[in-house]
Amino acid sequence: MSLRYYFAKAQQTLERLAPYERAIIEKQCRSIRIAEERLQTAGRSAFLRCYCGCEGLCCRNLEIDAVIGFSDFIYLLTVERQLEESISTSLENEKSFFTADCIFLTDGKGPCIFPPTSRPEVCITTFCTDVESIKQEIRSVKSKFIKLNFYLHFLQLKIFFRRFTNKSKVSNLLFYALLF
């Protein structure tokens, strides 16, 4: 799938959420952001090595859809809503099926358009050097993304059932009946 597809799917999903579902997503995304802030603080020297040493080599010649996906866009659109237009503009430069430099680098060179504490999971948890000292913080970010992914899978099922009913209570009952 292309990033444009994942981005459009994330936008549609967020539009279709009931207020209480949106609140759950926002809470989970805030939790991810806090974990990313802790990772940034604890891993300051590792991030400096990335920025100064290899100068973002991991952002070059990559298969971008293997790095950023649906849950990353849900996260970014929830915590950094003002980036929606920038993301959309960057997606116009997407080269599907080919490796290329990350399309989210400003002017194709950098820095990244995403703030340091609001980055896609792979971008913030992947290092080219030893990061033994921050493994716990990396694990925390990853586990929170897993939790978000798990909830999003259930939401997709609920949204699917909602399409066939006009009453969200009926879809909620069907959804919970399937779970148990």
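For every chain, the first residue of its written sequence is number 1, and the numbers climb from 1 along that sequence. Per-residue local features of the predicted model are confined to residues with pLDDT of at least 70, and side-chain atom pairs are confined, for both listing and counting, to 80 or more; whole-chain, interface and lining totals are unaffected and use all residues. Values reported for side chains reflect all heavy atoms of the structure, with hydrogen atoms and water molecules removed beforehand.

### Observations concerning helix H4 (residues 70-79)
Then comes step 1: Classification of residues uses two cut-offs on accessible area relative to the type maximum, computed with a 1.4 Å probe and protein chains only: under 20% is buried, over 50% is exposed, and between them is partly exposed. Secondary structure is summarised from DSSP: a helix means a run of H or I of at least four residues, a strand means a run of E of at least two, and numbering begins at the N terminus for each. Burial runs high along H4: 10 of the 10 residues are buried.
Then comes step 2: By the burial criterion, the buried members of H4 are Phe70, Ser71, Asp72, Phe73, Ile74, Tyr75, Leu76, Leu77, Thr78 and Val79.
Then comes step 3: Residue contacts are defined here by distance: any two heavy atoms, one from each residue, within 4.5 Å place the two residues in contact. Buried positions along H4 lie against helix H1 (3-16), helix H2 (19-42), helix H5 (84-91), helix H6 (121-125) and helix H7 (135-163).

### Notes on unusual backbone geometry
Then comes step 1: Backbone geometry places Asn61, a non-glycine residue, at a positive phi of 50°.
Then comes step 2: Inspection of the secondary structure puts Asn61 in the loop between helix H3 (44-54) and H4.
Then comes step 3: Given a relative accessible area of 54%, Asn61 falls into the exposed group.

### A few points about the environment of Leu148
Then comes step 1: Its place among the elements puts Leu148 in helix H7.
Then comes step 2: Dropping the residues within four chain positions of it, Leu148 is found in contact with Ile25, Gln28, Cys29, Ile32, Ser71 and Tyr75.

### Comments concerning the confidence of the model for the protein chain
Then comes step 1: Confidence in the prediction of the protein chain, expressed as mean pLDDT, is 86, and 89% of residues score 70 or more.
Then comes step 2: For the protein chain, the element scoring lowest by mean pLDDT is helix H8 (residues 168-179), at 56; H4 scores highest, at 97. Along the chain, pLDDT gives the predictor's confidence residue by residue, from 0 to 100.

### What about the packing of aromatic side chains?
Then comes step 1: To pair, rings of Phe, Tyr and Trp, with the six-membered ring standing in for Trp, must have centres within 6.5 Å; the planes then decide the type, stacked if under 30 degrees apart, edge-to-face if over 60, and tilted in the middle. Using the criterion set out here, one finds seven aromatic pairs in the structure.
Then comes step 2: Plain terms: the ring middles of Phe47 and Phe127 are 5.0 Å apart, the flat faces sit at 65° to each other, and that makes the pair edge-to-face. Here Phe127 lies in the loop between H6 and H7 and Phe47 lies in helix H3, a separation of 80 residues in the sequence.
Then comes step 3: Relative accessible area serves as the criterion here: at 7%, Phe47 is assigned to the buried category.
Then comes step 4: Ring plane angle 45° and centroid distance 5.0 Å describe the contact between Phe104 and Phe114, whose orientation is recorded as tilted. Placement of Phe104 in the loop between H5 and H6 and of Phe114 in the loop between H5 and H6 is noted, with a sequence separation of 10 residues between them.
Then comes step 5: Here Phe104 falls in the buried class, since its relative accessible area comes to 0%.
Then comes step 6: The structure contains a cluster of three or more aromatic residues connected by ring pairs, namely Phe7, Phe73, Phe104 and Phe114.
Then comes step 7: Geometrically, a charge over a ring is one whose NZ (Lys) or CZ (Arg) sits within 6 Å of the ring centre while staying within 35 degrees of the ring normal. Cation over ring: Lys9 sits above Phe70, and NZ or CZ is 4.7 Å from the ring centre.

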